[in-house]
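Working through the structure, step by step
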Amino acid sequence: MLRNYFRIAVRNILRHRFFSVINIFGLAVSMSACLLIISMLADQKKYDRFHPGKDRIFRILSKRSSHSVWSATSPYLLHDELLDTYSGIEQVVSIRPFIGGDIKYNENIVTQAGLYADENFFRLFNFALKQGDPLTALKDPHSLVLTESMSGKLFGDENPLGKTVSFADRCLDPLGLGIESDEKMIGDFKITGVISEMGYKTHMRFDFIASMASLHSLVDAGIHKAAFDDWNNMWEFYNYVLLEPGKNEKELAGFLDEITVNKYNAEDKNEINFEAQPLTQITPGRFTNNPLSFSLPREGYYFLSALGLIVLFSACFNYTNLSLARGLSRAKEIGLRKINGARKGQIFFQFVSEAVVLSLVALVLAVIILQFLKRGFSGFWVSQYLPVGFDSGIAILLIFVLFSIVTGFLAGFLPAAYLSSFNPLRILTRNNADGNSRKGSFIFSRPVLGKSLVVAQFVFSMVLILSTLTLFAQLKHLMVAEYGFDRNNIINIRLHGNDYATMANELSGHPDVLKISASNLVPATGFSYGSKYRTYPDLEDSIEMPYFGIDQNFIGNFGLTLVAGRNFPENSSRSTEQYVIMNESAIRELGFSTTSEAIGRLVVEAESKQPVEIIGIVKDFNYELFMENIRPLTLRYNPDEFRYLNLKISGSDIPGTLKFLESKWKDADKVHPFNYKFFDEQLAKTHAIFGDILSMIGFVAFLAISISSLGLLGMATFAAETRRKEIGIRKVLGAEIRGLLVLLSGGFFILLIIAAVIAIPLSYLINNAWLQEFAYRISMGPAIFLGGMLIVFLIGLLTIGSQTLKAAMTNPAAVLRDE
């Protein structure tokens, strides 16, 4: 029986080639997008599954009561508190990133980033050591465990165990974002282990692991700082808990709630709350601040899945519409089969099997299209920070086949249910074969369902097109929006630990270099350092406000406006902070009614507890992403924190200027490369993620409207074919082509108008919701809606008009010669 169903399915696919091609292509394109998402999700689901106790390992998240987003970090003091106070906890391991720089062995120098970790790190995590003892490798100060790849770079074929390397630390970040501090020699480190290259996937990114005892030693020596004893510092350390067998997440959550009650004031808006996150739910998982590595959050998969399902539903709607329409031409077949004893279930299964066969054929084409989609995804800007592997093993191929079968069943269910319910006596006693019955005059004999599916298809398509146009307009708005500072012809050069004054003097000899300033960060690129200030001598709650470290030339170089007070004096101390400059928002937040009232007043920084004088106030400018409203900001003068030189150039001879700067840099620093970026390009890359989203939504919109148009083409073709005799008679009786065009296509355009009426308010609600996340946003005006409708109606005109015009131009003699 199955063989017979398969034969009938293949015959019907070959007999109706035009409709089969439309269905196969639509399903293949939509399935390929879904297969891409399945591949990505399958890859992400492999992270951190290699640890034997993975189901008992949890990362502790933290969040202040006043914040909405959880952080992956938590206070270091949780480590001992959990181990010493609560039962059922087998192990707690703390790690801290931001160790990295130049590691030297003999004449070999390797620049890598790593982590500090407790000595029990290898007891909790299953990172197998190729060399060394996992129980003691991270016990002593100045112990270093390397990955196998880093060991090869540094030692070649030598046995690294017991060797000593010198370490010039710049506190490199593990995410590779370029955040670093001044270079500090932190002594010699002994190699105590080498981690095997197992091909595992983990959310931790590191090239080496240094013992936590090393950090304690560096803090005791005054070389580094670390918040080992501060319950309010939740930003530096990552704490992982291994529960004893039989214990569960609920018990751990109770412990964490108890710690919050015991250690914090419940009425304080800065109270810290804790939550246990299962290790296997970190990737993919919720969005958190301070991740150890980039991963696509769950919300990203929901977003991608929604886009994929929209396209898939569009293709399934196509199949349903065309199958129901063609079902009228198979009415006699169904009636004869039922007269000969075929049951409703058998006919239902036959039509479903045809859909499954067609879906499996589409799967082959979908897998081919998938290879191109993978290359396209790899070309996105975000892929350099979010590496995604695409599994092609047996398991994922079986999932693909299962997905194809389910897709075929969903696409074929409705047509199979409807067609199998035909009454054989009514079918065989009426002329349904030519489709000219009263009920079959438009698309198929139950027009409400068919029309609803067509409308739904174009609602999806219009919403996607309008979303694409909105996102494009918003992205364009961000690119031309006013930041409040000058971003043109500025080159930001990373200092790599060099003295800023020395390097500024070296690079200032070219006539096209107009001005040089220094800073610890680059504005509006998504990074800032946090601090808290309160007025002095008032000892009320401190106010959180990020700070930028700048020199005296920064304000003029970037075109900031001083609305009151003065700039930092030329003879400012290199080692102490005597003055601060704040923005207008900070002055308002501190409670000053006017800018003049704030000048000369003292404020206290929470960490140093030393009063400093407000000497200047700058006009508010956008130092963060445009998704943020302008917040309070402090500008501090502290040359020890400077990481960048900011060069203002004339722009008359950029290649010549860069060549000069690079030669001067190499003369002054023979170790580090000349690392520079144009400021306007940095700002553009900061919002490149929105360009990726625009590309994805635009691509899906293109697929959805293409699939919908193919379906519309098929239905218009079928409607024209089933009304050929009617058209011929009307033409013989004197009907004009214009009237016939209106007759044949009017119904379809009415459906498009209904779709537009539904899609416009729906797209407004959807897009206006995400636009609210931007402090600087466009308003959805009539131009966007008219543009989206025009695109859809033009496509509809081409698809419907081509077939209706062809039918209307048919010679009536060729149609009616058999009558």
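First things first, this report covers the structure right here in the doc. (Residues numbered from 1 in each chain as written. Predicted model: local features only at pLDDT ≥ 70, side-chain atom pairs only at ≥ 80, totals over all residues. Heavy atoms only, no water.)

What follows deals with the overall build of the chain. Helix and strand counts for the chain come out as 24 helices and 22 strands. Of the roughly 36600 Å² that the chain leaves accessible, carbon and sulfur atoms contribute 57%. (Helix = DSSP H or I, 4+ residues; strand = E, 2+ residues; numbered from the N terminus. Areas by Shrake-Rupley, 256 points an atom, 1.4 Å probe, with all protein chains shown as cover.)

Attention now goes to the packing of helix H2 (residues 17-44) against helix H11 (residues 394-419). Remark: H2 packs on H11, axes separated minimally by 11 Å, with the N-to-C direction vectors making an angle of 140 degrees. Looking at the two axes, H2 sits oblique to H11. Judged by the sense of rotation from one axis to the other, the crossing of H2 with H11 is right-handed. Contacts between H2 and H11 involve Leu27, Met31, Cys34, Leu35, Ile38, Ser39 and Ala42 from the former and Ile396, Ile399, Phe400, Phe403, Ser404 and Thr407 from the latter. Looking at the contact of H2 with H11 residue by residue, the class counts come to ten nonpolar, three polar and no charged. (Axes fitted to C-alpha atoms, helices over the stretch in contact; angles between N-to-C directions. Parallel < 35°, antiparallel > 145°, perpendicular 65-115°, else oblique. Left-handed = near helix turned anticlockwise from the far one by under 90°. Contact = heavy atoms within 4.5 Å. Nonpolar A, V, L, I, M, F, W, Y, C, P; charged D, E, K, R; others polar.)

Another aspect to go through is the sheet that holds strand S11 (residues 490-494). Strand order in the open sheet formed by four strands is S12-S21-S11-S22, and the pairing between neighbours is antiparallel. Each having just a single partner strand, strand S12 (513-519) and strand S22 (676-678) make up the two edges of the open sheet. Each strand of the sheet is rotated relative to its neighbour by a mean of 25 degrees, with strand direction disregarded. Sheet analysis places S12 next to strand S21 (residues 644-649), joined by six bridges and oriented antiparallel. In the sheet register, Lys515 faces S21, and the bridge partner there is Lys648. Its contacts with the sheet place helix H18 (residues 654-668) against S11, S12, S21 and S22, and it is angled at close to 20 degrees to S11. (Pairing = 2+ DSSP bridges.)

Moving on, we get to a positive patch on the surface. There is a patch of like positive charges on the surface, built from Arg3, Arg7, Arg11 and Arg15. Given a relative accessible area of 55%, Arg15 falls into the exposed group. (Patch = residues over 30% accessible without salt bridge, like charges linked within 9 Å, V, L, I, M, F, W, Y side chains within 5 Å. Salt bridge = Lys/Arg side-chain N within 4 Å of Asp/Glu carboxyl O. Lys, Arg positive; Asp, Glu negative; His and termini not counted. Charge placed at Lys NZ, Arg CZ, Asp CG, Glu CD. Buried < 20%, exposed > 50% of the residue type's maximum accessible area, 1.4 Å probe, protein only.)

Let us now look at the nonpolar core. Residues Met31, Leu35, Met40, Phe458, Leu464 and Val792 are the most contacted members of the largest nonpolar core, which totals 60 residues. For this core, the secondary structure elements donating two or more residues are H2, helix H8 (298-327), helix H10 (344-378), H11, helix H13 (447-480), helix H20 (688-722), helix H22 (737-771) and helix H23 (782-808). No other element matches H2, which puts ten residues into this core. Excluding residues within four positions of it along the chain, Leu35 makes contact with Leu363, Ala366, Val367, Leu370, Phe400 and Phe403. Tyr500, Phe554, Leu560 and Phe679 belong to the second largest nonpolar core, which has 44 residues in total. (Core = buried A, V, L, I, M, F, W, Y, C linked by side-chain atoms within 4.5 Å.)

Let us now look at the environment of Gln112. If you trace the backbone, Gln112 turns up in strand S3 (residues 108-117). According to the relative accessible area criterion, Gln112 is buried, its value standing at 11%. Expressed as a C-alpha distance, the spacing of Gln112 and Asp169, which sit 57 residues apart in the sequence, is 9.8 Å. Excluding residues that lie within four positions of it along the chain, Gln112 makes contacts with Gly100, Gly101, Met150, Lys153, Leu172, Asp207 and Phe208.

Turning our attention to the pairing of strand S18 (residues 602-605). Alignment of strand S13 (residues 532-535) against S18, held across three bridges, turns out to be antiparallel. Looking across to S18, one finds that Tyr533 is bridged to Glu605. As paired strands, S18 and strand S19 (residues 611-618) are joined by three bridges and run antiparallel to one another. By the bridge assignment, Val603 is partnered in S19 with Val612.

Moving on, we come to unusual backbone geometry. With omega at -15 degrees, the peptide bond leading from Thr283 into Pro284 counts as cis. Assignment of secondary structure puts Pro284 in the loop between strand S10 (272-278) and H8. Positive phi, close to 55 degrees, is recorded for Cys171, a residue that is not glycine. Looking at the secondary structure, you find Cys171 in the loop between strand S6 (164-169) and strand S7 (184-195). Judged by its relative accessible area of 17%, Cys171 falls in the buried class.

There is a patch of nonpolar side chains on the surface, built from Leu402, Val406, Phe409, Leu410, Phe413 and Leu414 and spanning about 530 Å² of accessible area. Mapping Leu414 onto the fold places it in helix H11. On the basis of relative accessibility, which here comes to 32%, the residue Leu414 falls in the partly exposed class.

Further remarks concern the environment of Val110. Mapping Val110 onto the fold places it in strand S3. By relative accessible area, which is 8% here, Val110 ends up buried. Spatially, the C-alpha atom of Val110 lies 8.0 Å from that of Met150, the residues being 40 residues apart in sequence. With sequence-adjacent residues up to four places away left out, Val110 is seen in contact with Gly101, Asp102, Ile103, Lys153 and Leu154.

For the coordinates displayed, the defined rule picks out eleven salt bridges. With a shortest N-O distance of 3.8 Å, Lys247 and Glu251 are connected by a salt bridge. Under the relative-accessibility criterion, Lys247 is labelled partly exposed at 34%. Lys666 is the salt-bridge partner of Glu662, the closest N and O atoms lying 3.5 Å from each other. Linking Glu662 with Lys666, this pair stays in helix H18, spanning four residues, or about one helical turn. With a relative accessible area of 34%, Glu662 lands in the partly exposed category. Since its relative accessible area comes to 48%, Lys666 is described here as partly exposed.

For the coordinates displayed, the defined rule picks out 31 aromatic pairs. Ring centres 5.8 Å apart and planes at 50 degrees place the aromatic pair Phe568 and Tyr637 in the tilted group. Of this pair, Phe568 sits in the loop between strand S16 (562-565) and strand S17 (579-583) while Tyr637 sits in the loop between strand S20 (634-636) and S21; the two residues are 69 residues apart in sequence, bridging distant segments of the chain. Its relative accessible area of 4% is what places Phe568 among the buried residues. The structure contains a cluster of three or more aromatic residues connected by ring pairs, namely Phe50, Phe121, Phe122, Phe125, Phe127, Phe206 and Tyr240. The ring of Phe237 has Arg96 sitting right over it, with the charged end atom 6.0 Å from the ring centre. (Phe/Tyr/Trp six-rings, centres within 6.5 Å; stacked < 30°, edge-to-face > 60°. Lys NZ or Arg CZ within 6 Å of the ring centre and 35° of its normal.)

None of this, on its own, says anything about what the molecule does.
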